[in-house]
Amino acid sequence: MTDGIEEVRSVYLQRETIPPIDRDAEKIGSGSASSGESGADLLDDREGDPGPDPADYPDDWRGADSDEGSAPGQSGGGSAAGQGGPSILPPGFPVQPLGMAGGKFYFLTARGELVEYAAGALSHRSNLVALMAGETDPIRPLKDIAPPSGKRDTGFNAADAGDQLMQACGALPLFDRNMPMRNTGTWRGKTGYPIVHLGEELRVHHSEKPRGRMISGALYPAVPAIDAPAGDVASADDIEWVCRRIGNFWNWKCENAGALVVGWIGQAILGQYPDWRTHLWVNGKNGSGKSTLLQIISALLGGMSAGVKNSSSAASIRQTTNRQAVVRIFDEAEKSESGGGVEDVIAMFRLMSGAEGAQMERGTSDHAGIKFGLYGAGLLGSIIPGGMAPQDRSRFVMLTLGERVAPQNPEDAALRLAELEGDAKVLGPAIWKRMLKLAPRRYDQAFRIYNGMVQGLGGRSRDGDTVGAILAGWDLMMFDDPLVDKESGQPDEARLEQARALARPLLQETQEADEMGEGERLLNALYGASLLKEHGGVVTVAESIMLHNRSEHELRAGDATLLERLGLRLLGRGDGKKTLFIANAGGPQLDKALAGTRWRGGGHKAALQTIADVKPHGGTVRVAGKPQRGVIIPARFLPGYTEDPEGEG
């Protein structure tokens, strides 16, 4: 094993150089220069310190579809000429024709929304006026292309206007209904610069040569808006303060957890821009502060967070965040009784890691089908991580929270937490701005160098991707200067050493997970299963075990009925020292807990016997009123186990 220096240098020599650009960046939609407003230079890529001085960001935006002499406010659509066809529609026409296919005509409305009409529908006055919704005078553009010609015409001739729009579509190439459709989030443009889709507004560098909302072969239609990046850039000092607070306020089971969280935020806030996206899973007992932490992380992501949800349905994620390059965060990501819950989300997140994102298709009753495209990083929070196959585990960084340590001054701790929550809301949009500014000139290079470094430490290529993305985010978040010195062309060795300290524990944990056997994977899946309480509510198997394992006395049959329904019973005495009996015979409740796995239907017995210290019980144990044979799981394999529980002995 090498220290990774030679690998780092060889990777660095393969870097691609992004060409220098001028200071013009383009904004499409509300707030563009063509509407008489101006905004900060979001994609300014000038060299130098990215510090928070607002003077660094001149107000030199211009609308991508602005034409000389166009009327104010006509920035939403663009003309047919701007799409490569003849000048059938006048310059600055609010509606953008996209072409036709299958007898349908496709447009972006004056607000930028994608619509389709049959030929007959385009002769209806109400449909034509609807295309202009949002214009100060929606009749005037239609009157310009189709003046009234009879007494029945009100403002314009609907038949002539429809004919003009159909001709404009017909002059364009056939509309490709399979072209990439991109909604809100951060995207990578073909020239290496971010494209920021804020809903009704697009922010794109002029080197992409946008044609209305058609940019580099992808369509960015208007959709409901998200919060924009800040005008100012977050400073490294501000982020360092957040890093320390996150690391110190929670009882992490690993060192440098604050830096790892900050690094994950740095790469996640870039949406689809990175070629590889790493997911994060935070697990901890009830009361560990997990839910509060997820809310703070969501705030630090600014408008790039889709919010913290308590549902872990893959179907709901597909439907509510389709074609978005945002961060999806789910608390209470526990295994469901019927399966198909968090397991499906994990599989979907795995597909989202790659450059192309998760591409899925689902059939519909009309046989047209629906295409789903999901991009970006994900964050899950749970008591026990769900069972993951090796290909899933390699896409995640796992962080564990211990029980909250009671503060000496609870009032002061509450004030500091409230301060962190408030600062996170303010800082999130500025972090997004920082990463948008630094990513074009630093992210790819940093990712390649850290990827090589991780492999030099003994990691596999997939480890290099997963850990390298975290480290690249950490680098841009925590340091104003590039990793590679411009004069020497060499990476900063001191910073590489800090990165190695962050990477080594992650690699060790990944390698241990790879070595996890069939029995350990079964136990993880079983502990993450949900149980329905008799009087309502849900509890996981892990929570129930930890609750009953705290008592000093030996449990009697029937003391833990929820566990016994699965064929489980805690045996022995002592707080945290009991063993777990698992019956050999399967049953409907155990099958529900292991739904979607190969261990249901009695397959759990053979899997458990692969664990070296698991032994058959010498006799029978009464479980749920019946004597049963089974195996004994040692205490150290139970959730919440510590070497010295409660500080004893």
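Residues numbered from 1 in each chain as written. Predicted model: local features only at pLDDT ≥ 70, side-chain atom pairs only at ≥ 80, totals over all residues. Heavy atoms only, no water.

Chemist: Outline the packing of aromatic side chains, supporting the account with residue identities and numerical values.
Modeler: For the structure on display, the rule yields eight aromatic pairs. Where Tyr106 meets Phe175, the ring centres are 4.2 Å apart and the plane angle is 20°; that geometry is what we call stacked. A residue pair is termed long-range when its members are at least 10 positions apart, and Tyr106 in strand E3 (residues 104-108) and Phe175 in the loop between helix H4 (158-170) and strand E5 (185-188) qualify at 69 residues. There is no split in this pair, since Tyr106 and Phe175 are both buried. Between Trp187 and Tyr375, the ring centres sit 5.0 Å apart and the planes meet at 65°, which makes this aromatic pair edge-to-face. Linking Trp187 in strand E5 with Tyr375 in the loop between strand E14 (370-374) and strand E15 (378-382), this pair joins segments that are 188 residues apart in sequence. You can call Trp187 buried: its relative accessible area is 0%. Joined through ring pairs, the aromatic side chains of Trp187, Tyr220 and Tyr375 make up one cluster. Directly above the aromatic system of Tyr273 lies the positively charged group of Arg188, at a separation of 4.0 Å from the ring centroid. (Phe/Tyr/Trp six-rings, centres within 6.5 Å; stacked < 30°, edge-to-face > 60°. Helix = DSSP H or I, 4+ residues; strand = E, 2+ residues; numbered from the N terminus. Buried < 20%, exposed > 50% of the residue type's maximum accessible area, 1.4 Å probe, protein only. Lys NZ or Arg CZ within 6 Å of the ring centre and 35° of its normal.)

Chemist: So what's going on with the side chain of Arg182? Residues and values would help.
Modeler: With respect to the helices, strands and loops of the structure, Arg182 is situated in the loop between H4 and E5. Glu356 is the oppositely charged side chain nearest to the buried, salt-bridge-free Arg182, at an N-O distance of 6.7 Å. A distance of 2.9 Å separates a polar atom in the side chain of Arg182 from a polar atom in the side chain of Tyr220. Those residues in contact with Arg182 that lie beyond four places of it in its chain are Trp187, Arg188, His197, Ala218, Leu219, Tyr220, Pro221, Gln272 and Arg323. (Lys, Arg positive; Asp, Glu negative; His and termini not counted. Salt bridge = Lys/Arg side-chain N within 4 Å of Asp/Glu carboxyl O. Polar contact = N/O pair within 3.5 Å; in protein donor to acceptor, adjacent residues only side chain to side chain. Contact = heavy atoms within 4.5 Å.)

Chemist: Residues and numbers for the pattern of salt bridges, please.
Modeler: Using the criterion set out here, one finds 21 salt bridges in the structure. Across the pair Glu403 and Lys285 runs a salt bridge whose closest N-O atoms are separated by 3.1 Å. Pair noted here: Glu403 is in the loop between strand E16 (396-401) and helix H11 (410-456) and Lys285 is in the loop between strand E10 (279-284) and helix H7 (290-300), with a separation of 118 residues, a long-range link. On the basis of relative accessible area, Glu403 is assigned to the partly exposed category, the value being 40%.

Chemist: Please provide a residue-by-residue account of the environment of Leu351, values included.
Modeler: Positionally, Leu351 belongs in helix H9 (residues 342-352). In this structure the C-alpha to C-alpha distance between Leu351 and Leu374, which are 23 residues apart in sequence, comes to 8.7 Å. Beyond its immediate sequence surroundings of up to four residues, Leu351 is in contact with Gly357 and Ala358.

Chemist: If you had to explain the sheet that holds strand E20 (residues 579-583) to someone new, which residues and values would you point to?
Modeler: A sheet is described by the order of its strands in space; here four strands give the open sequence E19-E20-E24-E21, paired in antiparallel fashion. The open sheet is flanked by strand E19 (568-571) and strand E21 (615-616), the only strands paired with a single partner. Of the strand pairs in this sheet, E20 and strand E24 (residues 630-633) are connected by four bridges, and their pairing is antiparallel. Considered in E24, the bridge of Leu580 is made with Ile633. Along the sheet, helix H14 (residues 518-527) contacts E19, E20 and E24; its crossing angle with E20, the most-contacted strand, is approximately 90°. (Pairing = 2+ DSSP bridges. Axes fitted to C-alpha atoms, helices over the stretch in contact; angles between N-to-C directions.)

Chemist: Run through the pairing of E20, naming residues and quoting values.
Modeler: Burial analysis of E20 places four of its five residues in the buried class, the great majority of the element. Relative to E20, E19 runs antiparallel, the two being bridged by four bridges. Bridge pairing links Leu570 to Leu580 in E20.

Chemist: Mind laying out empty space enclosed by the protein, listing which residues take part and the relevant values?
Modeler: Summed over all chains, the structure comprises three cavities of 30 Å³ or more. Taken as a whole, the largest cavity holds about 80 Å³ of empty space. When the residues that make up the lining of the largest cavity are grouped by side-chain class, the tally is five nonpolar, three polar and three charged. (1 Å grid on protein atoms, 1.4 Å probe; cavity = no way out; pocket = protein on both sides within 12 Å on 5 of 7 lines; lining within 4 Å. Points joined across faces, edges and corners; volume = space filled by probe spheres on them. Nonpolar A, V, L, I, M, F, W, Y, C, P; charged D, E, K, R; others polar.)

Chemist: Outline the layout of surface pockets, supporting the account with residue identities and numerical values.
Modeler: Each pocket or cavity is described by its volume, and for the second largest pocket that value is around 940 Å³. Taken together, 35 residues form the lining of the second largest pocket, with Asn178, Met179, Pro180, Met181 and Arg323 sitting closest to its centre. Only E5, strand E13 (358-362) and E14 provide two or more residues apiece to the lining of the second largest pocket. Among the elements that line the lining of the second largest pocket, the one with the most residues is E14, at four residues. Along the lines of polarity and charge, the residues of the lining of the second largest pocket split into 15 nonpolar, nine polar and 11 charged.

Chemist: Break down the sheet that holds strand E2 (residues 96-101) for me, citing the residues and quoting the values.
Modeler: In spatial order, the strands read E2-E3-E4; together these three strands make up an open sheet with antiparallel pairing. Across the chains shown, the open sheet's two edge strands, defined by having one partner strand only, are E2 and strand E4 (114-118). Sheet twist, expressed as the average angle between the axes of neighbouring strands with direction ignored, equals 25°. For E2 and E3, the ladder comprises five bridges, and the chain directions are antiparallel. Counterpart to Pro97 in the pairing with E3 is Phe107. Sheet strands touched by H4: E2 and E3. Its angle to E2, the strand with the most contacts, is close to 70°.

Chemist: Provide a residue-level description of the environment of Gly373, including the pertinent values.
Modeler: For Gly373, the location among the structural elements is in strand E14. Given the relative accessible area of 5%, Gly373 is considered buried. Sequence separation between Gly373 and Arg182 is 191 residues; the distance between their C-alpha atoms is 8.8 Å. Not counting chain neighbours up to four residues away, the residues in contact with Gly373 comprise Thr321, Asn322, Arg323, Gln324, Ala358 and Gln359.

Chemist: Give me the packing of H11 against helix H12 (residues 461-478): which residues, what numbers.
Modeler: Between two packed helices, the angle of one axis relative to the other and the distance separating the axes together describe the packing. Where H11 contacts H12, the axes come no closer than 7 Å and their chain directions differ by 140°. In terms of their interaxial angle, H11 and H12 are classed as oblique. As for how H11 packs across H12, the hand of that crossing is right-handed. The residue makeup of the contact of H11 with H12, split by class, is 17 nonpolar, six polar and five charged. (Parallel < 35°, antiparallel > 145°, perpendicular 65-115°, else oblique. Left-handed = near helix turned anticlockwise from the far one by under 90°.)

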